[in-house]
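Structural overview
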Amino acid sequence: MEWKAFNPRFCVVVIELPGVIHVTRNRFYKVQTTRSWDYLGLSSTSLSNLLNKSKMGNGVIIGLLDTGIWPELEVFNDENLGPIPSRWRGVCESGEHFDGAKACNRKLIGARYFISGLEAEYGQPYNTSENDDYMSPRDSSGHGTHTSSIAGGSFVANASYDGLGLGTVRGGAPGAHLAMYKVCWRLYGGVCADADVLKAFDEAINDGVDVLSVSLAADIPLYSEVDHRGSIPIGSFHAVAKGITVVCAAGNAGPRAETVQNTAPWILTVAASTVDRSFPTPITLGNNHTIIVCNKTLTGQRKWLDRIRTNSYKYRFQGQAMFTGEDTVSAALVYPEVSDLMPPRNCESLSSNDDWMAGKIVLCFASDYNQSLLNDAILSVKAAGGLGVIVSRSPSNYYPYAMNFPCLQVTYETGTQILYYIRSTSNPQVRLSPSRTHVGKPVSTNVAYFSSRGPSSNVPVILKPDIAAPGVQILAAIPPFDETTTGAFAFLSGTSMATPHVSGIVALLKSLYPDWSPAAIKSAIITTGLTSHQSGGPIFAEGEPPKLADPFDFGGGIVNPNSAADPGLVYDMNTENYVHYLCAMGYNNSDISQLTEHPVVCPSKQPSILDVNLPSITIPNLKKPTILTRTVTNVGPVNSKYKAIVEFASGINVAVRPETLIFSSRTKTISFSVMISSAHNVNAGYYFGSLTWTDGVHVVRSPISVRTEVGESFF
């Protein structure tokens, strides 16, 4: 089929007659921006983990819809890789600064680019020179290169960001093959047109990919799954119907509730979490008193000042930086004091015209979490001739800046203590020393501040996100500034980085279990997620203030790949189950038929959406005792006996029938019912709990979210 742009203001794309299915307005998406694999238990030195059991994803093809790829990088070498699968039907498309005959190998086996939809909406040809881009699959922004190397990059030793995070970089499935579908362009800071995304889905399906990694998300409000203005739910439905698992980003609009995106039940939606790595950075005040950026607290302001003056004690505080190199930076320390009659000078108000910052290190306080404004502020300090900046901000939402400029982040508490020092002396001085890399305890795992949260604004009864994965300060490949360089790496953060982590894990599972459906793989990942640290402590969700993480923050938990490889039971689904969901949503037969591309007639009695066989249970408006059903399939030992364990907050009652599931060679699939009721007599927020099936070895945990609704709701 040939795809052509048509009527750019109101049409996505039209297939040449007679195959036109639907015409709708174009829409746009945005990209959502080494320790992590060892942290997830996938060390390459272990012979018993999923990585090596699956032969590192050998033979699996991961397709990525993104900004393109830089194929010459060492992380995309094909050393020791097997042959390209015979089922592969894709191409390596040539274009500007991209020779398809040379760019692809056994690692990068395909590359295409799609821009007709963008140009149709834009109304003129895309100028690659003005936008510093390439009319080809080549990546100019770095986003697609970064995500590709996370999902399936090859081993590269001695990788780091100027010495930080030093180690071996690789993807989650280093034995897998990659295929890039460039759908995002640098116009207006980066956009990805619906028409191009939908076309890329179609080509990837026809090419023969096994997994699709889509680190893209649209803005709120969301469209329904049958609305043709949303290409990701439509394209992903077709992919899943063909047995292709689609992994998408949850979005970067957190910590606000109801901001999660890519909410269709057939999509595996990924939130972002931190890893157990930090970059402690010493701050030495002018009297040689050292504040080590770490994790202890200070009490007693006057006592502290006395000890500073006598240089008799060292205190440790929380903070982060990525100040690289071997040299320290020493200078006068200043704070933008203003009259009490004037608005305070916070970090975001700093300007490159502030000549008082020249030759000095600046302490400032961030007023809120706005990363772009803070980045602008740091650049303003640099442009004004400042030698460094100490940003004091809420401890729940700061990450080190990966830029070639001394920028240290400390908590409000630590910043306040430094300010006491400035105000206590006539000539405050400070020395900033290079950062160090710390891995392991006591650094904890949290759901990232920016990670979008549930419940779904589209379909609250479907739990989203599904799972969380590392997405904060992930070291991976980027295009080099010098085109002769074969290795360049950077730390990037976002659900965009979390998504390929799960895509790589899906590739490993697909290699180990080629017959598993996308729903089975999704179930295995969700029901084995970690809801507490491996050391036993709770997982927090960053916010104002931080709180204990719940299913709307991380779905089933933090992805746990080795347990996902042996889940015991799975909640399986197929296209028929998804049609059940669409009918339960009340979509009309015509809309559903357009989505499925075959005639669908929903039953006269609308089915219950609560009976969709998901590995989670969410009831947003529990008014009376409600019964729902689920079906599990045994993928563990043939003769198994599972018992139900229910955990829930006081006032919510959950009863499971039967309470014991007995599997045998003849009984591989069993259905059970769950009755949920509430003793609460007021409209309140969500209560959270879980239903776990266990045989003493496997733990199959389904998160449950329930909100009681009593009569009319008042706000």
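This is a predicted model, so every value here is computed, not measured. (Residues numbered from 1 in each chain as written. Predicted model: local features only at pLDDT ≥ 70, side-chain atom pairs only at ≥ 80, totals over all residues. Heavy atoms only, no water.)

A word on the overall build of the protein chain. Broken down by element type, the protein chain carries 16 helices and 40 strands. Each of the 715 residues in the protein chain was classed as buried or not, and the buried ones make up 58%. Taken as a whole, the protein chain presents about 28400 Å² of accessible surface, with 50% of it coming from carbon and sulfur. (Helix = DSSP H or I, 4+ residues; strand = E, 2+ residues; numbered from the N terminus. Buried < 20%, exposed > 50% of the residue type's maximum accessible area, 1.4 Å probe, protein only. Areas by Shrake-Rupley, 256 points an atom, 1.4 Å probe, with all protein chains shown as cover.)

Another point: the confidence of the model for the protein chain. For the protein chain, mean pLDDT is 87; residues scoring 70 or higher make up 87% of the total. Overall, residues 292–318 carries pLDDT values under 50, and its contacts beyond four positions in sequence, including any with other chains, amount to 71 contacts. (pLDDT = per-residue confidence, 0-100. Contact = heavy atoms within 4.5 Å.)

With that settled, consider the sheet that holds strand β39 (residues 686–694). A sheet is described by the order of its strands in space; here five strands give the open sequence β33-β40-β39-β35-β37, paired in mixed fashion. Single-partner strands in this sheet number two, and they are β33 (617–622) and β37 (660–663). Between one strand and the next, the sheet's axes are offset by a mean angle of 20°, whatever the strand orientation. Sheet topology note: the strand β35 (residues 640–648)/β39 ladder contains six bridges and is antiparallel. Bridge pairing in β39 places Glu 647 opposite Ser 690. (Pairing = 2+ DSSP bridges. Axes fitted to C-alpha atoms, helices over the stretch in contact; angles between N-to-C directions.)

Tallying each qualifying case throughout the model produces four disulfides. Here Cys 92 pairs with Cys 104 through a disulfide, and the sulfurs are 1.9 Å apart. The sign of the 80° torsion about the S-S bond sets the Cys 92-Cys 104 disulfide as right-handed. One end of the pair, Cys 92, is in the loop between β4 (61–66) and α3 (100–103); the other, Cys 104, is in the loop between α3 and β5 (108–113), and 12 residues separate them in sequence. Residue classification places Cys 104 among the buried positions, given a relative accessible area of 18%. Residue pairing for Cys 583: its cysteine sulfur links by disulfide to Cys 602, the two sulfurs lying 2.0 Å apart. Around the S-S axis, the bridge from Cys 583 to Cys 602 shows a dihedral of about -80° and counts as left-handed. Residue Cys 583 is found in helix α15 (residues 575–584), and its partner Cys 602 is found in the loop between α16 (589–596) and β33; the two are separated by 19 residues along the sequence. We note that Cys 583, like Cys 602, is buried. Should the bonded cysteines of the protein chain be numbered as they appear in the sequence, the pairing reads 1-2, 3-4, 5-6, 7-8. (Disulfide = S-S within 2.5 Å.)

Here the focus is the pairing of β33. Among the six residues that make up β33, five are buried, leaving the element largely enclosed by the rest of the structure. Sheet topology note: the β33/strand β40 (residues 699–708) ladder contains four bridges and is parallel. Looking across to β40, one finds that Ile 619 is bridged to Val 706.

Our focus in this paragraph is the environment of Ser 523. In this structure, Ser 523 sits in helix α12 (residues 518–527). By relative accessible area, which is 0% here, Ser 523 ends up buried. Note: C-alpha distance between Ser 523 and Pro 567 (44 residues apart in sequence) is 8.5 Å. Contacts of Ser 523, omitting those with residues within four sequence positions, involve Leu 569, Val 570, Tyr 571 and Pro 615.

A few words now on the sheet that holds strand β36 (residues 652–657). Strand order in this open sheet of four strands is β32-β34-β38-β36, and the pairing throughout is antiparallel. Two strands bound the open sheet, and with one partner strand each, they are β32 (569–570) and β36. Alignment of β36 against strand β38 (residues 669–678), held across six bridges, turns out to be antiparallel. Bridge assignment links Val 656 to a residue of β38, and that residue is Val 674.

In the structure shown here, the tally under the stated rule is 18 salt bridges. For Arg 453, the salt bridge goes to Asp 553, with nearest N and O atoms at 3.2 Å. Of this pair, Arg 453 sits in the loop between β26 (446–447) and β27 (467–470) while Asp 553 is found in helix α13 (residues 551–554), placing the two residues 100 residues apart along the sequence. Like Asp 553, Arg 453 is buried. One salt bridge connects Arg 657 with Glu 659, and the closest N-O pair in it is separated by 3.3 Å. Salt bridges linked by common partners bring Arg 112, Lys 199, Glu 203 and Asp 207 together as one network. (Salt bridge = Lys/Arg side-chain N within 4 Å of Asp/Glu carboxyl O.)

Quick look at the packing of aromatic side chains now. Taken as a whole and assessed by the stated rule, the structure comprises 19 aromatic pairs. Ring centres 6.4 Å apart and planes at 10° place the aromatic pair Phe 365 and Tyr 412 in the stacked group. Taken together, the positions of Phe 365 in strand β21 (residues 360–365) and Tyr 412 in helix α10 (residues 412–424) put the pair 47 residues apart, joining distant regions of the chain. Note on Phe 365: relative accessible area 16%, which makes it buried. Taking the centre distance of 5.3 Å and the plane angle of 85° together, the rings of Phe 552 and Phe 688 count as edge-to-face. You can see Phe 552 sitting in helix α13 and its partner Phe 688 sitting in strand β39, a full 136 residues away along the chain. Residue classification places Phe 552 among the buried residues on the basis of a relative accessible area of 6%. Its relative accessible area of 27% is what places Phe 688 among the partly exposed residues. Three or more aromatic residues link up through ring pairs in this structure, and these residues are Phe 237, Trp 266, Tyr 578 and Tyr 581. For Arg 138, the ring lying beneath its charged end belongs to Trp 70, and the centroid distance is 4.4 Å. (Phe/Tyr/Trp six-rings, centres within 6.5 Å; stacked < 30°, edge-to-face > 60°. Lys NZ or Arg CZ within 6 Å of the ring centre and 35° of its normal.)

β4 sits mainly inside the fold: six of its six residues count as buried. Burial of the side chains of β4 extends over both faces: Ile 61, Gly 63 and Leu 65 are buried on one face and Ile 62, Leu 64 and Asp 66 on the other. Sheet analysis places β4 next to strand β8 (residues 177–182), joined by six bridges and oriented parallel. Bridging across to β8, Ile 61 finds its partner in His 177. By the bridge criterion, four bridges tie β4 to strand β11 (residues 211–214) in an arrangement that is parallel. Residue pairing in the sheet places Gly 63 in a bridge with Leu 212 of β11.

Once that is clear, we can look at α12. Along α12, 10 of the 10 residues are buried, which leaves the element largely enclosed by surrounding structure. When α12 is considered as a whole, its buried residues turn out to be Pro 518, Ala 519, Ala 520, Ile 521, Lys 522, Ser 523, Ala 524, Ile 525, Ile 526 and Thr 527.

Omega for the bond connecting Lys 464 with Pro 465 falls within 30 degrees of zero, at 0°, which places this linkage in the cis form. Counting through the fold element by element, Pro 465 comes out in the loop between β26 and β27. Looking along the chain, the bond that leaves Arg 657 and enters Pro 658 is cis, with omega of -10°. If you trace the backbone, Pro 658 turns up in the loop between β36 and β37.

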